[in-house]
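One-letter residues, chain by chain:
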Amino acid sequence: MRTRTLLAIAAPVALAPFLLAGVVWWALRPPEPVWHDSAVADAISTVDRIEARFEYDHLYKAEDYARTAAREPDVAVLAVSGETHWQTGVTLVLRVTGHGEGVSSGVVVKGEEKVCFRFRLGPERDSRDDGIDCPTRTPLPIRPEPSLHAVDGRLKQALGVAGPDETRVRAALDALDLDPAVRRDVATEGGTVGLALRASQYDCLLARVDAAGAQTWRPSHTQLAPGELPCSAGTALSRQFGHGPR
């Protein structure tokens, strides 16, 4: 009984210095900048957009998650692990610079706040952790995907000159000086040449050229989702060319 009484007295006494230190730290801690809350909110808004893009684009590969995140301004990809959503799962750590402002002594003050987030994507469920401790490491070099922006008109003109001749069509493609990372697919069926240019999952340009001239077409986002319409020369030559989703 006496031992329990001594412990009951000694425990609070032993903890007192730690409690006092905590109180002192709380009282003397530097105040958050006036722009802190709005900067954090801005960072969260950026990550919300990235998360929505993950879902909208039906992503499942680690490199696609990383490229999509890095496409946003003020986002650094600090870590990527795993290969695919459905098999290994993918973990992604992002550092986002949020921009905020507040009023101090009647003056608007602007500032930045770096906030880190962790995505755990698959294999069974997705989750996100906000405001984690930022790893002290250099951001990963994420190579941006190629783009087919403003290629449509140039391609159609070049194909119109080449005509329905596969050799000349391939030469016309070479003359466009496309990014080497753009995937090309060319095939001939009867008197028609079909081709597909693909820069990314949802950046696909199909074309075909026959005796009547050249046509180009971009399938919709829905049609290009995984498991749907392939971005291929075969599609360019098929009856699906030029038709929207049913």
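The structure this text deals with has already been given above.
Just so it is clear, the structure is predicted and the values come from calculations on it, not from any experiment.

(A) Representation of the environment of P33. You can see P33 is positioned in the loop between α1 (2-28) and α2 (36-56). Along the chain, P33 and S104 lie 71 residues apart, while their C-alpha atoms are 9.2 Å from each other.

(B) Focus on the packing of α2 against helix α3 (residues 62-70). At a closest axis distance of 10 Å, the pairing of α2 and α3 adopts a crossing angle of 140°. Classed by the angle they form, the pair α2 and α3 counts as oblique. In the packing of α2 onto α3, the handedness of the crossing is right-handed. Between α2 and α3, the contacting residues are I50, R53 and F54 on the first element and Y65, T68 and A69 on the second. Each residue belonging to the contact of α2 with α3 can be placed in one class, and the counts come to four nonpolar, one polar and one charged.

(C) Representation of the sheet that holds strand β4 (residues 126-132) in the model. Strand order in the open sheet formed by four strands is β1-β2-β3-β4, and the pairing between neighbours is antiparallel. Looking at the sheet topology across the chains shown, the edges are occupied by β1 (75-81) and β4. Direction aside, neighbouring strands of the sheet carry axes that sit 25° apart on average. Examined bridge by bridge, strand β3 (residues 107-121) and β4 share six bridges and lie antiparallel to one another. Bridge pairing in β4 places F119 opposite R128. Against the sheet, α2 engages β1, β2 (90-104), β3 and β4, with an angle of about 145° to β2.

(D) Inspection of the packing of aromatic side chains at higher detail. Under the defined criterion, the tally for this structure stands at three aromatic pairs. Ring centres of F54 and Y65 lie 4.9 Å apart, and the angle between their planes is 80°; on these two criteria the pair is classed as edge-to-face. Of this pair, F54 sits in helix α2 while Y65 sits in helix α3; the two residues are eleven residues apart in sequence, bridging distant segments of the chain. No difference in accessibility class separates F54 from Y65, as the two residues are buried. Between F54 and F119, the ring centres sit 5.4 Å apart and the planes meet at 70°, which makes this aromatic pair edge-to-face. Taken together, the residues F54 in helix α2 and F119 in strand β3 connect sequence positions 65 residues apart. On the basis of relative accessibility, which here comes to 5%, the residue F54 falls in the buried class. Ring pairs connect the aromatic residues F54, Y65 and F119, which therefore count as one cluster.

Rules used in this analysis
- Residues numbered from 1 in each chain as written.
- Predicted model: local features only at pLDDT ≥ 70, side-chain atom pairs only at ≥ 80, totals over all residues.
- Heavy atoms only, no water.
- Helix = DSSP H or I, 4+ residues; strand = E, 2+ residues; numbered from the N terminus.
- Axes fitted to C-alpha atoms, helices over the stretch in contact; angles between N-to-C directions.
- Parallel < 35°, antiparallel > 145°, perpendicular 65-115°, else oblique.
- Left-handed = near helix turned anticlockwise from the far one by under 90°.
- Contact = heavy atoms within 4.5 Å.
- Nonpolar A, V, L, I, M, F, W, Y, C, P; charged D, E, K, R; others polar.
- Pairing = 2+ DSSP bridges.
- Phe/Tyr/Trp six-rings, centres within 6.5 Å; stacked < 30°, edge-to-face > 60°.
- Buried < 20%, exposed > 50% of the residue type's maximum accessible area, 1.4 Å probe, protein only.

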